[in-house]
Amino acid sequence: MDLIEFPAMGRSDLRELRIAIDGAFREFTRAYGETLENIFHPIQILLVFIENLLIDSPWILVLAALAGLVWALGRSLKIVAGTVLALLAIGYFGMWEDTMRTIAMVAVCTLIAVVIGIPTGILMARSDRSNATITPILDMMQTMPSFVYLIPVVMIFGLGKVPGVIAVVIYAVPPIIRLTNLGIRQVPADVLEAAEAFGSSARQKLMDVQLPLALPTIMAGVNQTIMMSLAMVVVASMIGVRGLGQPVLQAINNQYFTLGVMNGLAIVAIAIIFDRATQAYGKRLQKHLEAVHG
Amino acid sequence: MAEAIHDIEIRNLYKIFGPNAAAYVDSVKNGMTKEELKAKHNHVLGLDDINLTIPAGKIQVVMGLSGSGKSTLIRHINRLIDPTAGELLFEGKDVVKMSESELREFRRQKTGMVFQKFALFPHRTVLENTTYGLSIRGVSRREADERARRWISRVGLDGFEESYPNQLSGGMQQRVGLARALTNDAEILLMDEAFSALDPLIRTDMQSVLLDLQSELKKTIVFITHDLDEALRLGERIAILRDGRIIQQGTGEQIVLRPKDDYIASFVRDVRRGHVITVRTIMRKGAQAESPVTLPATTLLEEAARAMTNAEVSRANIVNRDGQHIGMITLSKCVAEMIAPDDTEEVDPETEVA
Ligand SMILES: Nc1ncnc2c1ncn2[C@@H]1O[C@H](COP(=O)(O)OP(=O)(O)OP(=O)(O)O)[C@@H](O)[C@H]1O
Ligand SMILES: [Mg+2]
């Protein structure tokens, strides 16, 4: 037997297999594509609404609102000052509108990731079986090249905002699920036992003890989710998501060095703003843990 | 105030740890030992035929070395651990058979618990920790706060209501633990080595706090310890656990005077006997002494000896609670009993050979 050549299935068999699967999927798309689009339509409405709000409002108000949000999260003047300066520079270099689109996109994606991720993480923390089932799925979501799942998403939804959001959420939701799970599992057993001894129901244990104690860890997950959705913005621009990713893509195709760098830096700037603000918030949540006594 | 009126009755309680526990209960009932169970079936015998009546309104101490099953036993009382067999009766109901919701109600209304490692909620202030039990059973915030503040004050933590647990020393944290359990205002108070993590001085201090509170609260307290001095100081009844079995139970005095076996004897050897034994136990019943000194029956030997020495007499009369004469005691008998019996007397010649 020839051990050099791997005994692969015949070329024609392989092609037929591919054609069969592709055909079946196309069939599925034709049959349910419209239903799915309708189901996901609210995402489009929400995204467009936030985009328009950020773009059509006077820039000075938007700037003030963003600064206020960053203050509410971090309570740090330094971070607020950095935010204002960065946004002013972005506006001055003509990237205001694209930046607003990207912020809207990231906001919607993060919101969806939180809504999906926290309950899933809770489920995983509560049952070892669901933990064992979901963990490999998360591994797959994180290692699968994002272009691969762009294909079916685009086949179903075509180009546009919604497939972009879906692709970004698939890419960015695993950390918040994992860290919610981890945060809940890390709650000390003796504290849980105390809650139980006082007669807490499962729900009371979750709301009064597990989630509050897991919150700093969950916030670390939110932070990572935001960072990953920002990173995905450029890839998502390939399927028609507008924002800072598009000029970058354009720059790659036409070798516009400066355009690429400027938009790249704008992405970095908002990444840093989001990161610092959410991290500072996470720190504030942990205030009670600052050890005074050993 | 919930003064305790119901005994806790534990009947034929068995606990086997392991995936197939129920299958081995019968073997254990037929005399299989902890070692055999471990070697043959790889299951751990946690509790072995526990029968114990914990009297209402008293402090019941459970004592034993590490791994003897003390924590396992106390966790059965509020069913944090489910038994493999047996019953646990309170107010005529079997806690073991309670449904999920009945059990929750039982824990909320009838029990409070204090933990060895405090187990406070780190994200809640002292006040919020203390109101926890009331808040989960739906008592209004205002009433809960008011009741909690009273207990925080009773355990001596005035002014620390808004502190977080990690801003407090160990002793203070355990006061919070005690306040949290007391605010529940339940008949039963479960304390698993509640003071073991504290420095000796603070520990004695907390014992005083507990005794002081108990003299007015009269709760049914189950107190776990591996410290004999603590057991003798707090326990109105003491049960000694070894390898999941109760090997002796009685008052501290009974256990010190008549240890049932060598294991317990070695436990009580170093005890200050004069501090535990009362004159009632060793008096000559009915006899009358020519002496100006009269002592209540519950006087400790040390105090009795001091009273006689101070009065420069060698005998004293004993009276009961109503002041009736019931017997007499001599100074020499008193001192003889205070000195631990000679070691050579205690060691069984047979075990020495082995
Ligand atoms: N969940 C469990 N699974 C298996 N074995 C257990 C479990 N919990 C307790 N045990 C065993 O049961 C026995 C009694 O344990 P327990 O914790 O009640 O002892 P303890 O008297 O409280 O000891 P300590 O003084 O160290 O707290 C030990 O042999 C222990 O190994
Ligand atoms: Mg223990």
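Remember, predicted model here, so these are calculated numbers, not experimental data.

Novice: What exactly am I supposed to notice about the overall build of chain B here?
Specialist: The secondary structure content of chain B amounts to 17 helices and 14 strands. For the C-alpha atoms alone, the extent of chain B along its principal axes is close to 65 × 55 × 40 Å. Sorting the 354 residues of chain B into buried and exposed places 51% on the buried side. In chain B, 67% of the contacts between residues at least 6 apart in sequence involve partners at least 24 apart. For chain B, the exposed area adds up to about 16,400 Å²; of that, 47% sits on carbon and sulfur atoms. Once the 46 positive and 52 negative side-chain charges of chain B are each reduced to a mean point, those two points are 4 Å apart.

Novice: I'm lost on the sheet that holds strand S5 (residues 93-94) of chain B in this one. Help?
Specialist: Two orientations exist for strands paired in a sheet by backbone hydrogen bonds: parallel and antiparallel. Residue and element names in this part refer to chain B. The four strands are arranged S2-S1-S4-S5 in an open sheet whose pairing can be described as antiparallel. Of all strands in the sheet, those bounded by a partner on one side alone are strand S2 (44-54) and S5. Relative to S5, strand S4 (residues 85-90) runs antiparallel, the two being bridged by two bridges. Bridge assignment links leucine 89 to a residue of S5, and that residue is aspartate 94. Contacts from helix H2 (residues 34-41) reach strand S1 (8-17) and S2 within the one sheet, and its direction differs from that of S2 by about 150°.

Novice: Could you clarify how one ought to interpret the environment of phenylalanine 17 of chain B in this entry?
Specialist: All names here are of chain B. If you trace the backbone, phenylalanine 17 turns up in strand S1. A sequence separation of 34 residues divides phenylalanine 17 from asparagine 51, and the C-alpha atoms of the two residues are 19 Å apart. Dropping the residues within four chain positions of it, phenylalanine 17 is found in contact with His43, Val44, Gly46 and Thr72.

Novice: Help me out: how do you make sense of the environment of serine 208 of chain B in this one?
Specialist: All names here are of chain B. Positionally, serine 208 belongs in helix H9 (residues 200-217). Using a relative accessible area of 31% as the deciding quantity, one classes serine 208 as partly exposed. Note: C-alpha distance between serine 208 and isoleucine 282 (74 residues apart in sequence) is 28 Å. In this structure the side chain of serine 208 is engaged in a polar contact, spanning 3.0 Å, whose partner is the side chain of arginine 233.

Novice: Before we go on, may I ask you to explain the interface of chain A and chain B in this structure?
Specialist: Note: interface size is frequently given as the accessible area lost on complex formation between the parts. With 22 residues of chain A at the interface, the matching set in chain B holds 27 residues. Here chain A packs against chain B, burying approximately 2,100 Å² in sum over the two surfaces, 61% of which is carbon and sulfur. Between chain A and chain B we count one salt bridge in total. Put simply, glutamate 193 of chain A and arginine 75 of chain B hold a salt bridge, and the shortest N to O gap is 2.6 Å. Joining chain A to chain B, the criterion identifies seven residue pairs in polar contact (both at pLDDT 80 or more). When residues in the side of chain A that touches chain B are grouped by element, the largest group, seven residues, is from helix H8 (residues 189-197) of chain A. Grouping the constituent residues of the side of chain A that touches chain B by class yields eleven nonpolar, six polar and five charged.

Novice: Would you mind showing me how to read the packing of aromatic side chains here?
Specialist: Residue and element names in this part refer to chain A. All chains considered together, the criterion is met by eight aromatic pairs over all chains. Ring centres of phenylalanine 28 and tyrosine 32 lie 5.3 Å apart, and the angle between their planes is 45°; on these two criteria the pair is classed as tilted. Separated by four residues within a single helix, phenylalanine 28 and tyrosine 32 lie in helix H1 (residues 11-56), roughly one turn from each other. Under the relative-accessibility criterion, phenylalanine 28 is labelled partly exposed at 36%. Of the residues examined, tyrosine 32 reaches a relative accessible area of 47% and is grouped as partly exposed. Pairing phenylalanine 40 with phenylalanine 157 gives two aromatic rings, centres 5.4 Å apart and planes at 85°, and the pair type is edge-to-face. In this pair, phenylalanine 40 is assigned in helix H1 and phenylalanine 157 in helix H6 (residues 146-157), connecting sequence segments 117 residues apart. Assessed through its relative accessible area of 27%, phenylalanine 40 is described here as partly exposed. A residue is classified by how much of its surface remains accessible, and phenylalanine 157, at 12% relative accessible area, is buried.

Novice: In this structure, what is going on with the site of ligand 1? I would like to understand it.
Specialist: Residue and element names in this part refer to chain B. In the vicinity of ligand 1, the contacting residues are Phe17, Lys34, Val44, Leu65, Ser66, Gly67, Ser68, Gly69, Lys70, Ser71, Thr72 and Glu193. At 3.3 Å from an oxygen atom of ligand 1 is found a main-chain nitrogen or oxygen belonging to serine 68. At 3.1 Å from an oxygen atom of ligand 1 is found a side-chain nitrogen or oxygen belonging to glutamate 193. Residue contributions to the shell around ligand 1 peak at three residues, all from helix H3 (residues 70-77). Residue composition of the shell around ligand 1, by class: three nonpolar, six polar and three charged.

Conventions and cut-offs
Residues numbered from 1 in each chain as written. Chains lettered and ligands numbered in written order. Predicted model: local features only at pLDDT ≥ 70, side-chain atom pairs only at ≥ 80, totals over all residues. Heavy atoms only, no water. Helix = DSSP H or I, 4+ residues; strand = E, 2+ residues; numbered from the N terminus. Buried < 20%, exposed > 50% of the residue type's maximum accessible area, 1.4 Å probe, protein only. Contact = heavy atoms within 4.5 Å. Areas by Shrake-Rupley, 256 points an atom, 1.4 Å probe, with all protein chains shown as cover. Lys, Arg positive; Asp, Glu negative; His and termini not counted. Charge placed at Lys NZ, Arg CZ, Asp CG, Glu CD. Pairing = 2+ DSSP bridges. Axes fitted to C-alpha atoms, helices over the stretch in contact; angles between N-to-C directions. Polar contact = N/O pair within 3.5 Å; in protein donor to acceptor, adjacent residues only side chain to side chain. Buried area = accessible area lost by both parts, 1.4 Å probe. Salt bridge = Lys/Arg side-chain N within 4 Å of Asp/Glu carboxyl O. Nonpolar A, V, L, I, M, F, W, Y, C, P; charged D, E, K, R; others polar. Phe/Tyr/Trp six-rings, centres within 6.5 Å; stacked < 30°, edge-to-face > 60°. Near = heavy atom within 4 Å.

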